[in-house]
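# Observations on the three-dimensional arrangement
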Amino acid sequence: MSIISPGAGQSPDKKSPRIIAIANQKGGVGKTTTTINLGAAIAESGKKVLIIDLDPQSNTTTGLGVSTKELNSSIYQVIIEENTASETIISVGIKNLHLLPSNLELAGAEIELVTAFSREQRLTRALDEVVSDYDFILIDCPPALGLLTVNALCFANEVIVPIQCEYYALEGLGQLVGNVDLVKSNLNPELQISKIVLVMYDSRTKISKQVADEVREYFGERVCNQIIPRSVRLSEAPSYGQPITVFDPTSRGAVAYKELAKEVLNE
């Protein structure tokens, strides 16, 4: 684990990165798995990627092999302006892939932001110094529509929504779409839901196909062609602190996320 120094000599007219919030207000729907593995697959293609762990549970941080107990600084310190992003971003030992880590301290940010000036824009301002260093920035959002998620939606220009192929998959999704529309109308006119990703697909069950059909009917062309299968190897990879593309690069899960990355890159 090493600290990444701020990019020097960046061209002032360098193309802005694609900033993607991975969001769904439900927990356990594959947000963290998608953030880690999509980010790693995009980095593998040669793009420079920053992953931001904006969830106090810190599963993205530990899933990339970083101990939350050893962090000198985290996204919490960046948001409350105690530390800069460039001081806090770390390497995770994968070419082109960097991490702005999280720990449990971030849970307090929701309360502290309530009275903060320009509270919805804290993440945007904090990342301004490093944003042009990257081609892609992926944000793992918490499973709630609080101020942390609002900060992510204000910073992002796209939202990718993972939907699990199980019962109640669309539960609460209307509220997420409504909140994205609110942020777009009032705070961030560039924001759009760009992709819906079907995850945890089990071809042996009828419900998986039914949910996939229902989501495609509802969201149309925004639903990615590539489906992420339910996979033991995918669920094992975080315990080794590695994305699936490193842990088992020939597995079904790794191939699926590499194909998904191609779809995202081709937009």
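Data block above holds the structure.
Note that the structure is a prediction, hence the values are computed from the model and not measured.

Rules and cut-offs
- Residues numbered from 1 in each chain as written.
- Predicted model: local features only at pLDDT ≥ 70, side-chain atom pairs only at ≥ 80, totals over all residues.
- Heavy atoms only, no water.
- Helix = DSSP H or I, 4+ residues; strand = E, 2+ residues; numbered from the N terminus.
- Rg over C-alpha atoms; globule rule 2.2 N^0.38 Å.
- Buried < 20%, exposed > 50% of the residue type's maximum accessible area, 1.4 Å probe, protein only.
- Contact = heavy atoms within 4.5 Å.
- Lys, Arg positive; Asp, Glu negative; His and termini not counted.
- Charge placed at Lys NZ, Arg CZ, Asp CG, Glu CD.
- Disulfide = S-S within 2.5 Å.
- Core = buried A, V, L, I, M, F, W, Y, C linked by side-chain atoms within 4.5 Å.
- Pairing = 2+ DSSP bridges.
- Phe/Tyr/Trp six-rings, centres within 6.5 Å; stacked < 30°, edge-to-face > 60°.
- Axes fitted to C-alpha atoms, helices over the stretch in contact; angles between N-to-C directions.
- Parallel < 35°, antiparallel > 145°, perpendicular 65-115°, else oblique.
- Nonpolar A, V, L, I, M, F, W, Y, C, P; charged D, E, K, R; others polar.

A count of helices and strands for the chain gives 12 helices and 8 strands. A compact globule built from 267 residues should have a C-alpha radius of gyration of about 18 Å, and the chain, at 17 Å, falls within 12% of that. Counting only C-alpha atoms, the chain reaches 50 × 40 × 35 Å along its principal axes. Buried positions account for 53% of the 267 residues belonging to the chain. Taking all contacts inside the chain whose residues are at least 6 apart in sequence as the whole, residues at least 24 apart take part in 79%. Within the chain, one finds 24 positive and 32 negative side-chain charges whose respective centroids are separated by 6 Å.

One non-glycine residue, E81, lies in the positive phi region at around 70°. With phi around 75°, N96 is a residue other than glycine that occupies positive phi space. By the secondary structure assignment, N96 is in the loop between β4 (90–91) and β5 (97–100). Judged by its relative accessible area of 22%, N96 falls in the partly exposed class.

This structure, assessed with the given rule, holds 0 disulfides. Of the cysteine sulfurs around C154, a residue in no disulfide, the closest is that of C141, at 11 Å. Looking at C165, it has no disulfide partner, and the nearest cysteine sulfur is the one in C224, 12 Å off.

Glancing now at the side chain of Q77. Along the chain, Q77 turns up in helix α3 (residues 75–79). Apart from residues lying up to four places away in sequence, Q77 is in contact with E82, N83 and E105.

Judged by nonpolar contacts, the single largest core of 53 residues is most densely connected at I52, I75, L127, I137, I139 and F155. Tallying contributions element by element places helix α7 (residues 147–155) first for this core, with 7 residues. Excluding residues within four positions of it along the chain, I137 makes contact with P17, R18, I19, I20, L50, I52, V131 and F155.

This part takes up the pairing of strand β2 (residues 18–22). Of all 5 residues that make up β2, 5 are buried, and the element is covered over most of its length. Burial along β2 is two-sided: R18, I20 and I22 and I19 and A21, pointing in opposite directions, are all buried. Both β2 and strand β6 (residues 136–140) contribute to a ladder of 5 bridges, which runs parallel. Paired with R18 across the bridge in β6 is F136. Inspection of the sheet shows β2 paired to strand β7 (residues 158–164) by 3 bridges, in the parallel sense. Looking at the pairing, A21 lines up with V159 of β7.

Attention now goes to the packing of aromatic side chains. The full count for this structure, using the stated rule, is 2 aromatic pairs. Here Y218 and F219 contribute two aromatic rings whose centre-to-centre distance is 4.6 Å and whose plane-to-plane angle is 75°, an arrangement assigned as edge-to-face. Relative accessible area serves as the criterion here: at 7%, F219 is assigned to the buried category.

Further remarks concern the packing of helix α1 (residues 31–44) against helix α12 (residues 252–265). Running from N to C, α1 and α12 cross one another at 70°; their axes reach a closest spacing of 8 Å. If you check the angle between α1 and α12, you find them roughly perpendicular. For the pair α1 and α12, the contacting residues are T33, T34, N37, L38, A41, I42 and E44 in the first and Y257, K258, L260, A261, V264 and L265 in the second. Classifying every residue of the contact of α1 with α12 by side-chain character gives 8 nonpolar, 3 polar and 2 charged.

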